[in-house]
Amino acid sequence: MNGQTTRIQFTLNGQAVQADIQTHHNALDVLRNTFALFGARESCGQGLCGCCTIIVDGKSVSGCLYLAAALDGTEVRTIESLDADGELHPVQQAFIDCDAFQCGFCTSGFILMSQQLLAENPRPSEAEIKNYLSGNLCRCAAYPEIIEAVQLAATRINASKEAM
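Report on the accompanying structure. Since this is a predicted model, take the numbers as computed values, not measurements.

What the rule picks out here adds up to 4 salt bridges. Across the pair Arg123 and Glu162 runs a salt bridge whose closest N-O atoms are separated by 2.7 Å. With a gap of 39 residues between them, Arg123 in the loop between helix 3 (107-120) and helix 4 (126-132) and Glu162 in helix 5 (residues 143-163) connect regions that are remote in the sequence. Looking at Glu162, the relative accessible area reads 58%, which means it is exposed. With its nearest N and O atoms 3.2 Å apart, the salt bridge here joins Lys130 to Glu126. Note that Lys130 and Glu126 are positioned in helix 4 at a spacing of 4 residues, about one turn of the helix. Classification of Lys130 by relative accessible area gives partly exposed; the value is 47%.

Dropping the structure here:
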């Protein structure tokens, strides 16, 4: 590659950051190599599996396909943003409680997408969960447990909102 660099500035998990990047790098490269955030992973390299899911300006994107230069001026969230003061997000806890992963390689993408789903639709049906998560692949086939975890997280989140 030509080695051309550019400086980008964006908000990463609530913190203003900047980075000098190679213009050909993708978002996943920058998150992993510059900021040591390893939750999003590259698997297929084609945006088909969901392992590299990150949230940019409130929309899920494939970090393996999203050019890092396009992060300039955006708000980026990764799986690392979900725990607050060391306490797991209800979706993370539900995945643990339901054994909704085996090898764990796809888990961060599933959790991030599930959290986004529940923010948009607090009471999704099983069909809505399956449809929303259809862009994420689990090679270990933990799909029943993933559905169960999303339903459990929805129940817990809704119960905590009603208790307020």
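Now that the structure is up, let's keep going.
As a further point, take the packing of helix 2 (residues 90-97) against helix 5. At a closest axis distance of 8 Å, the pairing of helix 2 and helix 5 adopts a crossing angle of 135°. The angle between the axes of helix 2 and helix 5 places the two elements in the oblique class. Between helix 2 and helix 5 lies a crossing of right-handed hand. On helix 5, the residues that touch Pro90, Val91, Gln93, Ala94, Phe95 and Asp97 of helix 2 are Ile146, Ala149, Val150, Leu152, Ala153, Arg156 and Ile157. Of the residues that constitute the contact of helix 2 with helix 5, the class distribution is 10 nonpolar, 1 polar and 2 charged.

One finds Val91, Phe95, Phe110, Leu118, Leu133, Ile146 and Val150 to be the most contacted residues of the largest nonpolar core, which totals 28 residues. Listed by contribution, the elements that provide at least two residues to this core are helix 2, helix 3 and helix 5. Looking at this core, the element that brings in the most residues is helix 5, giving 7 residues. Sequence-distant contacts of Phe95, defined by excluding residues within four places in its chain, comprise Ala100, Phe101, Thr107, Phe110, Ile111, Ser114, Ile146, Ala149 and Val150. Leu28, Ile54, Ala68 and Leu71 belong to the second-largest nonpolar core, a separate cluster that totals 20 residues.

Moving on: helix 2. Burial in helix 2 covers these residues: Val91, Gln92, Ala94 and Phe95. One face of helix 2 carries all of its buried residues, which in axial projection span an arc of 165°. Next to the buried residues of helix 2 lie helix 3 and helix 5. Note on helix 2: the residue one or two positions beyond its end, Asp99, has a positive phi of about 50°.

With mixed pairing, 5 strands are arranged side by side in an open sheet as 2-1-5-3-4. In this open sheet, the two edge strands, each paired with only one partner strand, are strand 2 (15-22) and strand 4 (59-62). Neighbour to neighbour, the strand axes of the sheet diverge by 40° on average, direction disregarded. Sheet analysis places strand 3 (residues 53-56) next to strand 5 (residues 75-77), joined by 2 bridges and oriented antiparallel. Looking across to strand 5, one finds that Ile55 is bridged to Arg77. Relative to strand 3, helix 3 is tilted by about 35°, and along the sheet it contacts strand 3, strand 4 and strand 5.

Thresholds, definitions, all that
Residues numbered from 1 in each chain as written. Predicted model: local features only at pLDDT ≥ 70, side-chain atom pairs only at ≥ 80, totals over all residues. Heavy atoms only, no water. Salt bridge = Lys/Arg side-chain N within 4 Å of Asp/Glu carboxyl O. Helix = DSSP H or I, 4+ residues; strand = E, 2+ residues; numbered from the N terminus. Buried < 20%, exposed > 50% of the residue type's maximum accessible area, 1.4 Å probe, protein only. Axes fitted to C-alpha atoms, helices over the stretch in contact; angles between N-to-C directions. Parallel < 35°, antiparallel > 145°, perpendicular 65-115°, else oblique. Left-handed = near helix turned anticlockwise from the far one by under 90°. Contact = heavy atoms within 4.5 Å. Nonpolar A, V, L, I, M, F, W, Y, C, P; charged D, E, K, R; others polar. Core = buried A, V, L, I, M, F, W, Y, C linked by side-chain atoms within 4.5 Å. Arc of directions from axis to C-beta. Pairing = 2+ DSSP bridges.

Geometry only, nothing functional implied.
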